[in-house]
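Residues per chain are reported as follows:
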Amino acid sequence: MSRSTHIWNELKRSRTAYLFLAPFMICFIVFIVVPVFTAALLSFTSFNSIQPPKFVGLLNFKIMLTRDSVLMKYVIPNTFKFAVFVGPIGYAMQFLLAWLISQLPKRLKKVYVMAIYTPSIAGGVLISTVWVVLFSGDRLGYLNNALINLGLISQPIAWTQSASYLLGIMIFVTIWGSMGVGFLSLFAGLQNVDPTLYEAGKIDGIKNKLQELWYITLPSMKPQMLFAAVMSIVGALNAGQIGVQLSGQNPTPNYAGQLIQNHIDDYGFIRYELGYATALTFMLLVAAYSFTRLTWLVLGNEDDN
């Protein structure tokens, strides 16, 4: 029997399974594979959305590495600082809050989970109605007003227009609103740890909650930890609107809060250099995949690696 005949017979034998997989596979190909493949092709072109794309080879990547001074001087350092703080710190806070809430009585858990999860849903609304007012650069801004009344400053500070403060404010606001699906997955993982493991641990000599956390809880919820870590990485690298929403400008003032996503939006939707913007997007995809793969190697099961 030839190989093609064998494959055909296997397809016929498993046709019901493939029929159920078909809707997912069609959506995956249409909305994931095709856009990624198209972006990879457009990254080698000069395209302004009006004229047909013109093939330019590696020119976009050469410009990225040798001529884009804003990218090298501001965007990459800002994105690195932002990701280092928002990713690990946000992830640690997600786990810490999920673990603390899991220690509460059952009737209080739902209340605290909803209270912490809600900011991630209404992030844009809260930024425009709370944080922009809080960090307003005039005397009516809550922070400036409080500091002036306390005698700590004499003149209002333009918090979101200052290169000294904007990135720090972005990091603070993003971490505050980062308790999303990653937090929920960690909380769900904590609830699903087998209680008998804790009983067995006490018999084996575990004496406190920290030992339970290290020897039982963490090894029992690696899938949820992996999912939350991946979401934190992707969220940190994909962030960008926070700086524009706070400062009201793109590029942000003096490029102080300019992240890679802002840079992509700048070239794609303001300058309409879509070929170069797509090249930036493709490099961001490669970076996100690399960090995700590294996280998978650390937190995934050996059989999955």
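Along each chain, the written sequence defines residue order, and numbers are assigned to residues from 1. Selection of residues for local features in this predicted model requires a pLDDT of at least 70, selection of side-chain atom pairs for listing and counting requires 80 or more, and totals for whole chains, interfaces and linings are taken over all residues. Excluded from the side-chain calculation are hydrogens and water; included are all heavy atoms of the structure.

Colleague: Can you break down the overall build of the chain residue by residue, with the values?
Modeller: Think of it this way: any DSSP run of H or I at least four residues long counts as a helix, any run of E at least two long counts as a strand, and we number them from the N terminus. A count of helical and extended segments in the chain gives 15 helices and 2 strands. Counting only C-alpha atoms, the chain reaches 80 × 65 × 30 Å along its principal axes. Counting the 305 residues in the chain, one finds 37% classified as buried. A contact between two residues is defined here by any heavy atoms of the two lying within 4.5 Å. For the chain, the share of sequence-separated contacts (at least 6 apart) that also reach a separation of at least 24 residues comes to 62%. The accessible surface values rely on the Shrake-Rupley method and a 1.4 Å probe; as for residues, cover is taken only from the protein chains in view. For the chain, the accessible area works out to roughly 18,500 Å², and carbon and sulfur atoms hold 68% of it. Charge centroids of the chain, computed over 20 positive and 13 negative side chains, lie 3 Å from each other. Burial here depends on accessible area, computed with a 1.4 Å probe over protein chains only, as a share of the maximum for the residue type. Under 20% is buried, over 50% is exposed, and the range in between is partly exposed. Within this scheme the basic residues Lys and Arg register as positive and the acidic residues Asp and Glu register as negative, but His and the chain ends are omitted. Charge placement uses NZ in Lys and CZ in Arg. For Asp and Glu, CG and CD serve respectively.

Colleague: Before we move on, can you summarise the packing of helix α14 (residues 260-270) against helix α15 (residues 274-299) with the specific residues and values?
Modeller: Their axes nearest at 8 Å, the elements α14 and α15 cross at an angle of 160°. With respect to their mutual orientation, α14 and α15 come out roughly antiparallel. You can see that α14 and α15 cross each other, and the crossing is left-handed. In contact with Ile-260, Gln-261, His-263, Ile-264, Tyr-267 and Gly-268 of α14, α15 contributes Leu-274, Tyr-276, Ala-277, Leu-280, Thr-281 and Leu-284. The residue classification treats Ala, Val, Leu, Ile, Met, Phe, Trp, Tyr, Cys and Pro as nonpolar and Asp, Glu, Lys and Arg as charged. All others, Gly included, are polar. Looking at the contact of α14 with α15 residue by residue, the class counts come to 8 nonpolar, 4 polar and no charged. Here the axes come from fitting lines to C-alpha atoms, over the contacting stretch only for helices, and the angles between their N-to-C directions go from 0 to 180 degrees. Relative orientations are named as follows: roughly parallel for angles under 35 degrees, roughly antiparallel for angles over 145 degrees, roughly perpendicular for angles from 65 to 115 degrees, and oblique for any other angle. Left-handed is the label given to a crossing in which the near helix is rotated counterclockwise from the far helix by less than a right angle, and right-handed is the label when the rotation is clockwise.

Colleague: Can you explain unusual backbone geometry? Please cite residues and give values.
Modeller: The omega torsion of the bond from Asn-250 to Pro-251 falls at 5°, within 30 degrees of zero and hence cis. Locating Pro-251 in the fold gives a position in the loop between α13 (241-247) and α14. Even without a glycine there, the phi angle at Tyr-255 is positive, about 60°. Within the chain, Tyr-272 stands out as a residue other than glycine whose phi angle is a positive 60°.

Colleague: With reference to specific residues and values, describe the environment of Gln-211.
Modeller: With respect to the secondary-structure elements, Gln-211 resides in helix α11 (residues 209-220). Assessed through its relative accessible area of 28%, Gln-211 is described here as partly exposed. For the pair formed by Gln-211 and Gly-201, sequence separation is 10 residues and the distance between their alpha carbons is 9.1 Å. Residues contacting Gln-211, with those up to four places away along its chain left out, are Gly-205, Ile-206 and Ile-216.

Colleague: Run through the nonpolar core, naming residues and quoting values.
Modeller: Membership of the largest hydrophobic core comes to 37 residues, with the highest contact counts inside it found for Met-64, Leu-71, Phe-82, Met-170, Leu-246, Ile-260 and Leu-280. It is helix α8 (residues 166-176) that contributes the most residues to this core, 7 residues altogether. Residues contacting Met-170, with those up to four places away along its chain left out, are Phe-82, Ile-242, Gly-243, Leu-246, Gly-257 and Leu-259. Among buried residues, the Ala, Val, Leu, Ile, Met, Phe, Trp, Tyr and Cys ones that are joined through side-chain atoms within 4.5 Å form a nonpolar core.

Colleague: Would you mind going over the packing of aromatic side chains in detail, with residue names and values included?
Modeller: Note on aromatic pairs: the rings of Phe, Tyr and Trp (six-membered ring only in Trp) are paired at centre separations within 6.5 Å, and the planes decide the class, stacked below 30 degrees, edge-to-face beyond 60, tilted for the rest. For the structure on display, the rule yields 8 aromatic pairs. Where Tyr-74 meets Tyr-255, the ring centres are 5.3 Å apart and the plane angle is 25°; that geometry is what we call stacked. One end of the pair, Tyr-74, is in helix α4 (residues 69-102); the other, Tyr-255, is in the loop between α13 and α14, and 181 residues separate them in sequence. Taking the centre distance of 4.8 Å and the plane angle of 65° together, the rings of Trp-159 and Tyr-165 count as edge-to-face. For Tyr-165, a relative accessible area of 35% puts it in the partly exposed group. Feature note: the residues Trp-131, Phe-135, Phe-172 and Trp-176 constitute an aromatic cluster, connected by ring pairs.

Colleague: Lay out the pattern of salt bridges with the relevant residues and their values.
Modeller: Here, a salt bridge means any Lys or Arg side-chain nitrogen found within 4 Å of an Asp or Glu carboxyl oxygen. Applying the stated criterion across every chain, the model contains 1 salt bridge. Its salt-bridge partner being Asp-266, residue Arg-271 comes within 3.0 Å of it at the nearest N-O pair. Classification of Asp-266 by relative accessible area gives buried; the value is 3%.

Colleague: An account of the packing of helix α10 (residues 195-204) against α11 is requested, with residue identities and associated values reported.
Modeller: Running from N to C, α10 and α11 cross one another at 150°; their axes reach a closest spacing of 11 Å. The pairing of α10 with α11 is recorded here as roughly antiparallel in orientation. Crossing of α10 against α11: the hand is right-handed. Together, Leu-197, Tyr-198, Gly-201 and Lys-202 of α10 and Glu-212, Ile-216, Thr-217 and Ser-220 of α11 make up the contact between the two elements. Along the lines of polarity and charge, the residues of the contact of α10 with α11 split into 3 nonpolar, 3 polar and 2 charged.

Any link to function would need more than the numbers given here.
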